[in-house]
Amino acid sequence: MNKVDVILGLQWGDEGKGKVVDVLTPNYQAVARFQGGPNAGHTLEFNGEKYVLRSIPSGIFQGGKTNIIGNGVVLDPILFRDEAEALARSGHDLKGRLQISRKAHLILPTHRMLDAANEAAKGGARIGTTGKGIGPTYTDKISRTGMRVGDIQSPSFREIYGRVKARHELQLRSLNYTYDLADLERQWFEAVEYLKEFRLIDGEYEINRLLAEGAPVLAEGAQGTLLDVDFGSYPFVTSSNTVCAGACTGLGIAPSRIGEVYGIFKAYCTRVGAGPFPTELFDRTGKLLQELGHEYGAVTGRERRCGWLDLVALKYAVMINGVTQLIMMKSDVMNDFETIRIATAYEIDGRRTDRFPYGIDGHITPVYTDFEGWKCDLRKIRNYADFPAQFKKYVEFIEMETGVPVKIISVGPDREETIVR
Ligand code: GDP
Ligand code: IMO
Ligand code: MG
């Protein structure tokens, strides 16, 4: 019996999960997404080409692998079709290689509208969602009123749709939200027909069969630990469990089947959307991180807020996920920095703590440890031994503080710009 290795984000998303899944895929027979939906944007670069994946696992570019969209995912047929057709046009036909769990939930056009309506109703307290209908779709799942991918095979599909839509329209009316559904609805039904061309599976049986046959499986997370609905900075979170436990419920595997847990983080921090961010920088350094790191959302194009690495939050994420190997991304962005800071504690109302507090609001002052910058171009380096001493000190400090080895270091967006220790 093999195990499922899990790769997940330890910060507020956009850590570089797509790139690393692509790099690790040759070691696996199958790659499976376990939660989230088209709110994700996972970027991969190789051979001078760049791809952004939203719902489709990042294992599709490494030939001959099975890719699975798990039951924990929420799928928008329209965006799925856009994504799959664009890939097919660029020579990556997914038919026969991509399987979709029948238990994954469907994002309806009215879910997108409810997302927009809920945000508008929140006024100044809005979350800054991606607008993809994620919250309303998971709400329906938990309320036991949602639609699943398997429903598209049912003779009463249109009836089920009609019932769910009628309920959504009531909600939209009570939120005074005006909309025009006709065009989106037509596209949605066409896209549902397209979805039928893929293999719809009982993902839990498929994955457990693969494991029983000794096949290694990689589970790909979306978003990040600090956006987890239970452990993130609630309510400024997404609506799924982004943490390791989410891989069990999102794929149908037992906790004892989890193998390595790869925790991925940037050498600094970013966040897109509203919500607390203790180490956020509002100065020139923050702007530099944003510009040099091209920190703009892959899905929405929104500016990502930037700040120093936060070890309080990182240690919390390592604990919740049981991370066994760390993967550090984007160190090259700080190549020219004189000084680099890491927050090692918070001061809250004059008291120092190394715990991630219940409510992280405006009163937190990070306590920093300063590091001398490495001031050299890391992008050309391919062996750990060749890194400058200042950089190794930075990495080894993180290892010492978290108690977890940094096994992979990424020094650029390309597949090749990766050092495995
Ligand atoms: P994901 O959502 O976790 O897959 O991450 P995104 O793709 O949204 O954001 C990561 C961005 O950083 C993408 O544009 C990547 O191409 C880029 N990237 C990944 N690793 C590195 C790296 O080591 N250095 C630099 N400069 N860019 C990177
Ligand atoms: P990947 O997988 C970064 C953020 C949104 C918002 C909050 C809730 O690319 O790392 P939602 O649409 O999920 O209801 O929005 O979560 N968010 C992300 N931020 N990366 C993501 O995905 C995100 N997915 C959602 O900006 O603050
Ligand atoms: Mg992303």
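Residues numbered from 1 in each chain as written. Chains lettered and ligands numbered in written order. Predicted model: local features only at pLDDT ≥ 70, side-chain atom pairs only at ≥ 80, totals over all residues. Heavy atoms only, no water.

Novice: How do you make sense of the packing of aromatic side chains when you look at a structure like this?
Specialist: What describes a pair of aromatic rings is the distance from one ring centre to the other and the angle between the planes of the rings. Per the stated rule, a full pass over the model turns up 20 aromatic pairs. Aromatic side chains Trp 188 and Phe 189 sit 5.3 Å apart centroid to centroid with 90° between the ring planes, which places their arrangement in the edge-to-face category. What makes Phe 189 buried here is its relative accessible area of 13%. Both rings, one in Phe 371 and one in Tyr 394, keep their centres 5.5 Å apart while their planes meet at 85°; by these two values the pair is edge-to-face. You can see Phe 371 sitting in strand β18 (residues 364-372) and its partner Tyr 394 sitting in helix α11 (residues 389-402), a full 23 residues away along the chain. Taken as a pair, Phe 371 and Tyr 394 share a single burial class, namely buried. Above the plane of the ring of Phe 189 lies Arg 158, whose end atom (NZ or CZ) is 3.7 Å from the centre. We note Arg 421 situated over the ring of Tyr 384; from NZ or CZ to the ring centre the distance is 3.7 Å. (Phe/Tyr/Trp six-rings, centres within 6.5 Å; stacked < 30°, edge-to-face > 60°. Buried < 20%, exposed > 50% of the residue type's maximum accessible area, 1.4 Å probe, protein only. Helix = DSSP H or I, 4+ residues; strand = E, 2+ residues; numbered from the N terminus. Lys NZ or Arg CZ within 6 Å of the ring centre and 35° of its normal.)

Novice: Where do I start with the coordination of the magnesium ion (ligand 3) in this structure?
Specialist: In a perfect tetrahedron of four donors around a metal, the angles come out at 109.5 degrees. In a perfect octahedron of six, they are 90 or 180 degrees. With distances of 2.0 to 2.2 Å, the protein atoms coordinating the magnesium ion (ligand 3) are Asp 14 (OD) and Gly 41 (O). One end of the pair, Asp 14, is in the loop between β1 (4-9) and α1 (17-24); the other, Gly 41, is in the loop between β2 (30-33) and β3 (42-46), with 27 residues separating them in the sequence. Exposure remark for Asp 14: the relative accessible area of 23% places this residue in the partly exposed category. (Donors = N, O, S within 2.8 Å, 3.2 Å for Na, K, Ca; no water.)

Novice: How should I be thinking about the side chain of Thr 418 in this particular structure?
Specialist: Topologically, Thr 418 is positioned in strand β20 (residues 418-420). What makes Thr 418 buried here is its relative accessible area of 13%. Reaching out from Thr 418, the side chain makes a polar contact with the backbone oxygen of Arg 415 at a distance of 2.7 Å. Not counting the four nearest positions on each side in its chain, Thr 418 is found in contact with Lys 19, Val 23, Ile 408 and Ile 409. (Polar contact = N/O pair within 3.5 Å; in protein donor to acceptor, adjacent residues only side chain to side chain. Contact = heavy atoms within 4.5 Å.)

Novice: So what exactly am I meant to see when it comes to the pattern of salt bridges here?
Specialist: Between side chains of opposite charge, a pair can form when the charged atoms approach closely. What the rule picks out here adds up to 27 salt bridges. Its salt-bridge partner being Asp 14, residue Arg 304 comes within 3.0 Å of it at the nearest N-O pair. Here Arg 304, found in the loop between α9 (284-292) and β13 (305-307), pairs with Asp 14, found in the loop between β1 and α1; they are 290 residues apart in sequence, far enough to count as distant. The salt bridge partner of Glu 193 is Lys 196, with a shortest N-O separation of 3.0 Å. Residue classification places Lys 196 among the partly exposed positions, given a relative accessible area of 39%. Residues joined by salt bridges that share partners form a network here, namely Asp 14, Lys 266, Glu 295, Arg 304 and Lys 330. (Salt bridge = Lys/Arg side-chain N within 4 Å of Asp/Glu carboxyl O.)

Novice: Which parts of the structure should I look at to understand the site of ligand 2?
Specialist: Lining the immediate surroundings of ligand 2 are 21 residues, of which Asp 14, Lys 17, His 42, Thr 130 and Thr 238 lie closest. Measuring from an oxygen atom of ligand 2, one finds a backbone N or O atom of Asp 14 at 2.7 Å. Here Gly 41 contributes a backbone N or O atom positioned 2.9 Å from an oxygen atom of ligand 2. Burial of ligand 2 by the surrounding chains reaches 98%, relative to a free accessible area of 550 Å². In terms of residue class, the shell around ligand 2 is built from 8 nonpolar, 10 polar and 3 charged. (Near = heavy atom within 4 Å. Areas by Shrake-Rupley, 256 points an atom, 1.4 Å probe, with all protein chains shown as cover. Nonpolar A, V, L, I, M, F, W, Y, C, P; charged D, E, K, R; others polar.)

Novice: Where do I start with the site of ligand 1 in this structure?
Specialist: Around ligand 1, 19 residues are found, and the nearest of them are Gly 16, Lys 17, Thr 43, Asp 332 and Ser 410. Here Lys 17 contributes a backbone N or O atom positioned 2.7 Å from an oxygen atom of ligand 1. Here an oxygen atom of ligand 1 sits 2.9 Å away from a polar atom, N or O, in the main chain of Gly 18. Expressed as a share of its isolated accessible area of 580 Å², the protein-covered part of ligand 1 is 93%. Taken together, the elements giving at least two residues each to the shell around ligand 1 come down to α1 and β3.

Novice: Honestly, the state of the cysteines in this entry has me stumped. Any pointers?
Specialist: A covalent bond between the sulfur atoms of two cysteines is what we call a disulfide. The final tally for this structure, using the stated rule, is 0 disulfides. Cys 306 carries a free sulfur, and the closest cysteine sulfur to it, the one in Cys 269, is 9.6 Å from it. (Disulfide = S-S within 2.5 Å.)

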